[in-house]
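Spelled out from the first residue to the last, the chains are:
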Amino acid sequence: MKNQDKKNGIKAPIGGLGAGGNGAVSRRSFLQSSALAGGGMLLSFGWFTSANAAEKMGVLNLPEQQWSELAAYIKITPDNVVKILCPNPEFGQNVMTSLPMMVAEELDCDWKDVVVEMSTHDNVKYGSQFTGGSNSVRMYWKPLRNAGAAARQMLIEAAAQTWGVSASEITTKAGILSHSSGKSAKYGEMASKAATLAVPKEVKLKAPKDFSIVSHSKKNTEGVKVVTGKPLFGMDYKVDGMLIAMIQHPPAFGMKLKSFDATAAKKMPGIKDIFSFKLYDDGFVQGGFDTSTFNEMIAIVGKTTWEVMNARKKLNAQWEAAGDVKVTMNGRGGKQEVTVPGRLETTANQMEMMAEYAQKPAQQLRKDGDPETAFKNAAQIIERTYNAPFLAHNTMEPMNFFAHVQEDKALVAGPLQAPGWMEPTLVKILNLPADKIEIQMTRMGGGFGRRAYGSYVYEAARISQKMKAPIKLIYTREDDMTYGIYRPMYTATYRAALDANKNLIGFHVKGGGIPENPVHANRFPAGAVDNYLAEGWEIPSNVTIGAFRAPRSNFNAAAEQSFLDEVAEAMGKDPIAFRLDLLKRAKENPVGKNNDYDASRYIGVLELLKEKSGWGKPENAGKKRGVAAYFCHASYAGHVVDMVMRDGQPYVEQVTSAVDCGVVVNPDAARNMVQGAVVDGIGQSFYGALTHKEGVPEQSNFHNYRMIRMNEAPKKIDVHFVQNEIDPTGLGEPPFPPVFGAVANALFQTTGKRYYNQPFKVEIEKIKS
Amino acid sequence: MAKYNLKINGKTQQVDVDPSTPMLWVLRDHLNMVGTKFGCGMAQCGACTVHLDGNAVRSCSLPVSVVGKGAITTIEGLSADATHPIQKAWLEHDVAQCGYCQSGQIMSATALLKNNPKPTDADIDAAMSGNICRCGTYLRIKEAIKSVASPLTPNGGKK
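What counts, and at which threshold
- Residues numbered from 1 in each chain as written.
- Chains lettered and ligands numbered in written order.
- Predicted model: local features only at pLDDT ≥ 70, side-chain atom pairs only at ≥ 80, totals over all residues.
- Heavy atoms only, no water.
- Domains from an automatic or database assignment.
- Buried area = accessible area lost by both parts, 1.4 Å probe.
- Salt bridge = Lys/Arg side-chain N within 4 Å of Asp/Glu carboxyl O.
- Polar contact = N/O pair within 3.5 Å; in protein donor to acceptor, adjacent residues only side chain to side chain.
- Helix = DSSP H or I, 4+ residues; strand = E, 2+ residues; numbered from the N terminus.
- Nonpolar A, V, L, I, M, F, W, Y, C, P; charged D, E, K, R; others polar.
- Buried < 20%, exposed > 50% of the residue type's maximum accessible area, 1.4 Å probe, protein only.
- Lys, Arg positive; Asp, Glu negative; His and termini not counted.
- Contact = heavy atoms within 4.5 Å.
- Pairing = 2+ DSSP bridges.
- Axes fitted to C-alpha atoms, helices over the stretch in contact; angles between N-to-C directions.
- pLDDT = per-residue confidence, 0-100.
- Parallel < 35°, antiparallel > 145°, perpendicular 65-115°, else oblique.

Draft legend 1. Looking closely at the domain arrangement of chain A. All names here are of chain A. Domain annotation for chain A reports domain 1 (27-222), domain 2 (241-327 + 393-482) and domain 3 (489-768). Between the C-alpha centres of domain 1 and domain 3 the distance comes to 39 Å. Here domain 1 packs against domain 3, burying approximately 1400 Å² in sum over the two surfaces, 58% of which is carbon and sulfur. It is S134, R138 and W141 in domain 1 that bury the most area against domain 3; as a group they hold 36% of the surface buried on that side. Across the domain 1-domain 3 interface, the total number found is one salt bridge. A salt bridge links D727 to K142; the shortest N-O distance between them is 3.1 Å. The tally of links from domain 1 across to domain 3 stands at nine residue pairs in polar contact (both at pLDDT 80 or more). Among the secondary structure elements, those contributing two or more residues to the side of domain 1 that touches domain 3 are helix 2 (95-107) and helix 4 (136-163). Tallied by class, the residues present in the side of domain 1 that touches domain 3 amount to eight nonpolar, ten polar and four charged.

Here is the structure:
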């Protein structure tokens, strides 16, 4: 797709993230010219950032040629400023700090000399650049360290040649090259020579015990910009002559535009144009991340946000039922014709529909042993059904994107988790080659999966193309919440078969959802029970859904971990001891194949959690505690939640967390993220819900979509990491799902009642009344 | 449209806008001061918090016509180089995750401390619960506020 840039002697990153090409177009020269053509920046929207070298920001506007590029991610000035390009966009997961730390570690530079710049989108140079799936650190762990080590080796070689000594006699420390003869030089002095050398094919990486930057807490490199209110987010992006655009989407899932009269709205001050447009042309094949249920919308374009908001109120639009719509999808299941049902959904009916589907035969996802016989012979069967609603992501920064589409090229910029997935669609809808489409990623005001779905990018591009002008599309909070890519609605029924001696002899999970089945068939307790059955079913819907922090896991962990708690209780076992027994079985004598999880790491997290929470200790006997632990993505996390009644309401006062995510790159930021996941999990499980009435989302802003606030957050969240030298396995998502289960189990301890339906707050009120 | 002479961060700025225009959009669209964030547009999330004569107000719901001679302070007015004690505390506690809500959080915290230099946990909860942090950084926000409030940590932080 991308053409490798040869003109500036840029070397491909070692580590092989990209696929090289032979194209002749220089991406960089295109970018430079496009930046000029795009008009001068009205705001000093700086892509540079630094936690330490804030005073160096002035020197950062150096012309490109003064930076010597060593490997793809590293540039060094003669003054020894080390610029590290961060390949992945930042949405609060700390990659603008933690990824550069990995480069700096192997480069062996002084962190104080480092400035960080968000790289532009270029899959050849920088790999997939996808932020999601708890993948950033995991995916870049080797390539970025390789890049740092390669650049270090090139600097050593440059010094060896300059000094006429052997490279093996040169050592590095904190950005200084030294030779036993007493010669020494800063990296900056050797950088321009080093940049002319070949990138070494093989490099030696440090052992974790030798790390001096990685695993040592560093402050957020964009912290200063955050606390001083500098332009940073997509919302803050602005160029000369830029117009503001908003869209009006149908009010209900299942409806479409019938007609509209914009005569009055167009007369409003500041309005440039109002028109309807189609997102995708007829016959467009939707990729897995092109999710959008409304193909025709109205665009309102004007000079300022408030003017556009006011004109929008005068818009006279009629909507009608869309009916069933046939679309061609090329997503998870390959290319297929899909009928999106036209039904206008109401939450009560959605619940009824799910209950009805749950009774029907479902797709078998995994079977071990003979579960039918186990359940037939069981002395006791425990069966429980769990439900959870749609959730809106509600990132604090609503969706927005800048686009400047011209005849022969386009620049789009804004908050986006997955530029590589949006590019092919931009190519199609703009009819421009990929190397004429520049994608820049701003810092994101939250993502949680939402910004992996780029329909708002396409909308911005369509509007700019029509207006022949740079525009910024802004969603209001209402647009953001009612035109979302939601966490699906889920249900699952769990059954456990116990024999007369209260041994667990059979386990059955049957789950489904609108429109997605949540079941992870090969996860715990698969592998730990002789007779096991997992089944799933799905109900198609026009409600758009997508990834939401730990997709599917965020429901499964709630349901399964509550259920296991109840099974442990029925068996008369301690909930942690019960889990450890099962995991011991899975470790020593696993049932079946393809068990997704590593039982040893799972056990490690539970044991650390047990120790740090003082589980079962006499001093904690009076506490109302719930425990849960879960594996997802590639990491392990568990929580002990301490709940009290406060003003007649259950309140999570304190949480102890244990996580195994392998090597922790930036420990204090990692603790922050786990604490945030705990707060998020408590909030979502207590309050989160998006409901529908005749296809219309019933929540539209924070007055009726309750978010957790400071007074509801725990007083203390202690986070502990399993210390090991396993390559990082990801952290953004894994701590989130088990919070739901731990909260549910603490609710039982606190109130004496089991809670099966989220959001728990609604259930609590129901039970009371 | 009408002309307004606004006192913002100690400087008088003139804008010519519709009287109903909220201060949020005056700042962001007309004065290019984008530190004040748009979150909800209905005073529910606090991302747009600024000070009007020292009190925390939600600028998304404050029409420019009612500001009059009132002094507006925005995040940019605390300090441009992060030297204000609150900003330092925020950095010291590495509070931000995505960071979008933090200028609003900081403005609410600054107003709180100005009126109540030694707030209790309950005072902090009361003053800060109008500000949503979707990333869940509430504990660190509280710690940062307490570090500024506490005479034991004059440098604005522990650690």
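Draft legend 2. Structural view of the side chain of B:D94. Note on placement: B:D94 falls in the loop between helix 3 (85-92) and helix 4 (102-115). This buried residue, B:D94, is left without a salt bridge; B:R140 holds the nearest opposite charge, at 5.4 Å. Setting aside residues no more than four positions away along its own chain, B:D94 makes contact with A:K218, A:K219, A:N220, A:D668, A:N672 and B:R140.

Draft legend 3. Molecular detail of the sheet that holds strand 4 (residues 55-58) of chain B. All names here are of chain B. One open sheet accounts for five strands, arranged 2-1-5-3-4; its pairing is mixed. With partners counted over all chains shown, the strands left at the sheet margins are strand 2 (11-17) and strand 4, one partner each. In this sheet, neighbouring strand axes are inclined to one another by 40 degrees on average, regardless of whether the strands run parallel or antiparallel. Where strand 3 (residues 49-52) and strand 5 (residues 71-73) come together, two bridges link them in antiparallel fashion. Along strand 5, the bridge assignment pairs L52 with I72. Each of strand 3, strand 4 and strand 5 is contacted by helix 4, which is oriented at about 35 degrees to strand 3, the strand it contacts most.

Draft legend 4. Quick look at the confidence of the model for chain A. Overall, the predicted model of chain A reaches an average pLDDT of 91, with 91% of residues at or above 70. Below pLDDT 50 for its whole length, residues 1-45 of chain A participates in 104 contacts with residues either more than four positions away or in separate chains.

Draft legend 5. Region of the structure containing the interface of chain B and chain A. Counting residues at the interface gives 56 residues for chain B and 64 residues for chain A. Between chain B and chain A, roughly 4900 Å² of surface is buried when both sides are summed, and carbon and sulfur atoms account for 59% of that area. With a shortest N-O distance of 3.0 Å, A:D236 and B:R28 are connected by a salt bridge. Put simply, chain B and chain A have 27 residue pairs in polar contact (both at pLDDT 80 or more) between them.

Draft legend 6. Focus on the domain arrangement of chain B. All names here are of chain B. Structurally, chain B comprises domain 1 (2-74) and domain 2 (85-149). One C-alpha centre belongs to domain 1, the other to domain 2; they are set 21 Å apart. If you look at the interface, domain 1 gives 15 residues, while domain 2 gives twelve residues. Between domain 1 and domain 2, a total of about 1100 Å² is buried, with carbon and sulfur atoms accounting for 52% of that surface. For the interface between domain 1 and domain 2, the tally reads seven residue pairs in polar contact (both at pLDDT 80 or more). Contributions of two or more residues to the side of domain 1 that touches domain 2 are made by strand 3 and strand 4. In terms of residue count, the dominant contributor to the side of domain 1 that touches domain 2 is strand 4 (three residues). Per-class residue counts for the side of domain 1 that touches domain 2 are four nonpolar, nine polar and two charged.

Draft legend 7. Structural detail: the packing of helix 4 of chain A against helix 5 (residues 187-194) of chain A. All names here are of chain A. The contact between helix 4 and helix 5 brings their axes to 8 Å, and the two run at 90 degrees. One finds that helix 4 runs roughly perpendicular with respect to helix 5. Here R152, M154, L155, A158, A159, Q161, T162 and W163 of helix 4 come into contact with helix 5, specifically with Y187, M190, A191, K193 and A194. Of the residues assigned to the contact of helix 4 with helix 5, the class counts are nine nonpolar, two polar and two charged.

Draft legend 8. Main features of the sheet that holds strand 17 (residues 363-368) of chain A. All names here are of chain A. Spatially, the five strands line up as an open sheet ordered 17-25-24-23-18, and their pairing is mixed. Looking along the sheet, the strands with just one partner apiece sit at the ends: strand 17 and strand 18 (380-388). Strand-to-strand, the axes of this sheet are offset by a mean angle of 10 degrees, without reference to chain direction. With nine bridges connecting them, strand 18 and strand 23 (residues 489-498) associate as antiparallel partners. Residue pairing in the sheet places R384 in a bridge with Y494 of strand 23. Seen against the sheet, helix 14 (residues 553-571) touches strand 18, strand 23 and strand 24 (504-514) and runs at an angle of roughly 25 degrees to strand 23.

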